[in-house]
Amino acid sequence: MNILFVRLSYIGDILHATAAARWIKQQYPDAKLHWIVTPSMAELLEHNPYVDHIIPWERDEYEAHSKKLHIPTMWRMWWELRDKLKPYKFDVAVDVQGRLITGLVLLASGAPIRLGLGGTKELNWMFTNYKAKPSTDHVIKRYIEVAKLLNTAVVEHSGLTTSATVIADDEKPCIVNGSSGKRLYHMDFFVPSNLYAWAEEQWASINYDTSLNRGEVDKPLRIGLVLGTSWATKEWPQEKWFSLIKSLQYRANFVCLGGPKEAIQYKPLMDSITADGLDKIMLNMLGKTTLQEVGALIESCDVVVTADTGALHIALALNKPVVALFGPTDPKLWGPLTGNFKVLVNNELDCLGCRKRRCPKPDQYCMSGIESVRVKKAIFELIGDKHGKV
């Protein structure tokens, strides 16, 4: 059975979908799962044993032409995609994104069986013939419900060559805020083993700084700080990051993670850190890493602090303790589902989860109202107090 799995972008969304891909491969181990993805995101799926083949496709280029109504170019790109997918002779296509563009990918696949989300917009429903029930559950659970439609499709299409294996939903328990959670919902991300040594080399560039008078702290904590997000409204203010670093300077080393955008945006924070002499305990990796290198650095951390952004889900997939800061997005839908984590929100507001990219209120209080002292407390609630007193 040849399966095309469709989740084109972006970091968090792709990692959310890895649980559904794993379910398919565990239930149907003889099936070949081909994942079509934006080229810049393909790195997330490399070394994933549940993905047999990665098919890159320029989704962003197609979307750019779509916004400008470049119909001839869109038509040409779709036909090129159809020709690219035709040799695979797909039996099944699984769309967990639910957009018009992914519906067009289903159509280009030529697969007679097309699974998708229920209640979608942008005419996506026209391209699927098996639909999961509309749901407001966590996105990972919704994706798995789409994958489970494959069981019904297999029964109704006797011509499919399958070898099904029943896997228990909770095959391996995960820690979820101190309680047991189902392995079924855990995300997958695999770091190449050679990058672990590379990560250690980065940390080795930080010399033990006796001027900080760290006292009895023989081995400082390694704390990952994920700066910036795709929305301005999801970002934790720079002065809060600085306050957190200052409060932990005697017992921790830090690595700042982010892309080229964050390297520019967070220069004021980096300048403040340097001016205060804290650059001696800081790895500034903003704009300097691949996704897999980000994973290796996160893997080497004791704990990660992050807002709602892609690296949050990398950390969760790698089973690292995570303090997650949420405001305009709802953690019940998009936040941590399995792993060792603390979710912090500003409980004083009734507009949390508004999904607005521009906040109509002054000072974007949903994020600025999360104080650094709460974050510090959450860190030690997660990992314990093994590195001196708070």
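To keep things clear, this report deals only with the structure shown in the data block. What you see is a predicted model, and the numbers here were worked out from it, not measured in a lab.

**Regarding the overall build of the protein chain**
In terms of regular secondary structure, the protein chain is built from 14 helices and 14 strands. Counting over 390 residues, the protein chain shows a buried share of 55%. The contacts in the protein chain between residues at least 6 apart in sequence include a share of 68% that link residues at least 24 apart.

**Focus: the side chain of Ser 109**
Of note, Ser 109 is situated in helix H4 (residues 100–109). For Ser 109, a relative accessible area of 5% gives the class buried. Beyond its immediate chain neighbours, meaning those up to four positions away, Ser 109 contacts Leu 4, Leu 85, Phe 90 and Ala 93.

**A closer look at the nonpolar core**
The tendency in soluble globular proteins is for nonpolar side chains to be buried side by side. Ranked by size, the top nonpolar core spans 75 residues in total, and within it Phe 5, Ile 24, Trp 35, Val 94, Leu 115, Leu 150 and Ile 298 carry the most contacts. Take this core: its biggest share by element is ten residues, from helix H5 (residues 139–156). Once residues lying within four places of it in the same chain are set aside, the contact partners of Ile 298 are Leu 257, Val 304, Ala 311, Ile 314, Ala 315, Leu 318 and Lys 320. Counting residues in hydrophobic clusters, the runner-up holds 36 residues, among them Ile 223, Val 305, Leu 382 and Ile 383.

**A closer look at the packing of aromatic side chains**
Scanning the entire structure with this criterion turns up seven aromatic pairs. Ring centres 5.5 Å apart and planes at 45° place the aromatic pair Trp 57 and Tyr 62 in the tilted group. Of the two residues, Trp 57 and Tyr 62, neither departs from the other in class, the shared state being buried. Ring pairing ties together the aromatic residues Trp 75, Trp 78 and Trp 79, which thus form one cluster. Here Arg 142 stacks its cationic end above the ring of Trp 334, 5.9 Å away from the centre of that ring. The residue whose ring lies beneath Lys 234 is Trp 231, and the NZ or CZ to ring-centre distance is 4.9 Å.

**Quick word on the sheet that holds strand E3 (residues 53–56)**
Across the sheet, which stays open at both edges, the six strands sit in the order E3-E2-E1-E4-E5-E6 with parallel pairing between neighbours. Each of the sheet's edge strands pairs with one partner strand only, and the pair in question is E3 and strand E6 (130–131). Judged from the four bridges that link them, strand E1 (residues 2–6) and strand E4 (residues 92–95) form a sheet pairing that is parallel. By the bridge assignment, Phe 5 is partnered in E4 with Val 94. Lying over the sheet, helix H1 (residues 11–27) contacts E1, strand E2 (32–37) and E4, oriented at roughly 165° with respect to E2. Sheet strands touched by H5: E1, E4, strand E5 (113–116) and E6. Its angle to E5, the strand with the most contacts, is close to 150°.

**Side note on the side chain of Glu 235**
As for its placement among the helices and strands, Glu 235 is situated in the loop between strand E9 (221–226) and helix H7 (238–247). For Glu 235, the side chain forms a polar contact with the side chain of Gln 265, separated by 2.7 Å.

**Here we look at H1**
With 17 residues, H1 extends 25 Å from end C-alpha to end C-alpha; this agrees with the ideal 24 Å at 1.5 Å per step. Maximum bend of H1: about 25°, positioned at Thr 18.

**Remarks on the pairing of E2**
Across the six residues of E2, five count as buried, placing the element largely inside the fold. Pairing of E1 with E2 involves five bridges; the strand directions are parallel. Along E2, the bridge assignment pairs Val 6 with Ile 36. In this region the chain leaves E1, passes through H1 and returns to the parallel neighbour E2; the handedness of that crossover is right-handed. Across four bridges, E2 lies against E3 in parallel orientation. Paired with Trp 35 across the strands is Ile 54, a residue of E3.

**Overview of the pattern of salt bridges**
Oppositely charged side chains may form a pair once their charged atoms are brought near each other. Applying the stated criterion across every chain yields a total of 17 salt bridges. Taking the shortest distance from any N to any O, the salt bridge between Lys 25 and Asp 52 comes out at 2.8 Å. With a gap of 27 residues between them, Lys 25 in helix H1 and Asp 52 in the loop between E2 and E3 connect regions that are remote in the sequence. The exposure class of Lys 25 is buried, given its relative accessible area of 10%. The exposure class of Asp 52 is partly exposed, given its relative accessible area of 35%. Lys 234 is the partner of Asp 308 in a salt bridge, and the nearest nitrogen-oxygen pair spans 3.7 Å. One end of the pair, Asp 308, is in the loop between strand E12 (303–307) and helix H11 (310–317); the other, Lys 234, is in the loop between E9 and H7, and 74 residues separate them in sequence. Note on Asp 308: relative accessible area 7%, which makes it buried. For Lys 234, a relative accessible area of 8% gives the class buried.

**Some points on unusual backbone geometry**
Most of the time, phi is negative for any residue but glycine, and the peptide bond is trans. The omega torsion across Ser 9 and Tyr 10 is -15°, close enough to zero to call that bond cis. Among the secondary structure elements, Tyr 10 is positioned in the loop between E1 and H1. Even without being a glycine, Glu 122 presents a positive backbone phi close to 60°. Positionally, Glu 122 belongs in the loop between E5 and E6.

**Structural notes on the packing of helix H2 (residues 59–67) against helix H3 (residues 71–85)**
It is the contact of H2 with H3, at a shortest axis distance of 8 Å, that shows an interaxial angle of 150°. Between H2 and H3, the interaxial angle falls into the category roughly antiparallel. For the pair H2 and H3, the crossing hand works out as left-handed. On H3, the residues touching Glu 61, Tyr 62, His 65 and Ser 66 of H2 are Thr 73, Met 74 and Met 77. Along the lines of polarity and charge, the residues of the contact of H2 with H3 split into three nonpolar, three polar and one charged.

Cut-off values and rules
Residues numbered from 1 in each chain as written. Predicted model: local features only at pLDDT ≥ 70, side-chain atom pairs only at ≥ 80, totals over all residues. Heavy atoms only, no water. Helix = DSSP H or I, 4+ residues; strand = E, 2+ residues; numbered from the N terminus. Buried < 20%, exposed > 50% of the residue type's maximum accessible area, 1.4 Å probe, protein only. Contact = heavy atoms within 4.5 Å. Core = buried A, V, L, I, M, F, W, Y, C linked by side-chain atoms within 4.5 Å. Phe/Tyr/Trp six-rings, centres within 6.5 Å; stacked < 30°, edge-to-face > 60°. Lys NZ or Arg CZ within 6 Å of the ring centre and 35° of its normal. Pairing = 2+ DSSP bridges. Axes fitted to C-alpha atoms, helices over the stretch in contact; angles between N-to-C directions. Polar contact = N/O pair within 3.5 Å; in protein donor to acceptor, adjacent residues only side chain to side chain. Expected span 1.5 Å × (residues − 1). Bend = angle between axes of the 7 residues up to and from the residue. Right-handed = clockwise from strand over helix to strand, strands pointing away. Salt bridge = Lys/Arg side-chain N within 4 Å of Asp/Glu carboxyl O. Parallel < 35°, antiparallel > 145°, perpendicular 65-115°, else oblique. Left-handed = near helix turned anticlockwise from the far one by under 90°. Nonpolar A, V, L, I, M, F, W, Y, C, P; charged D, E, K, R; others polar.

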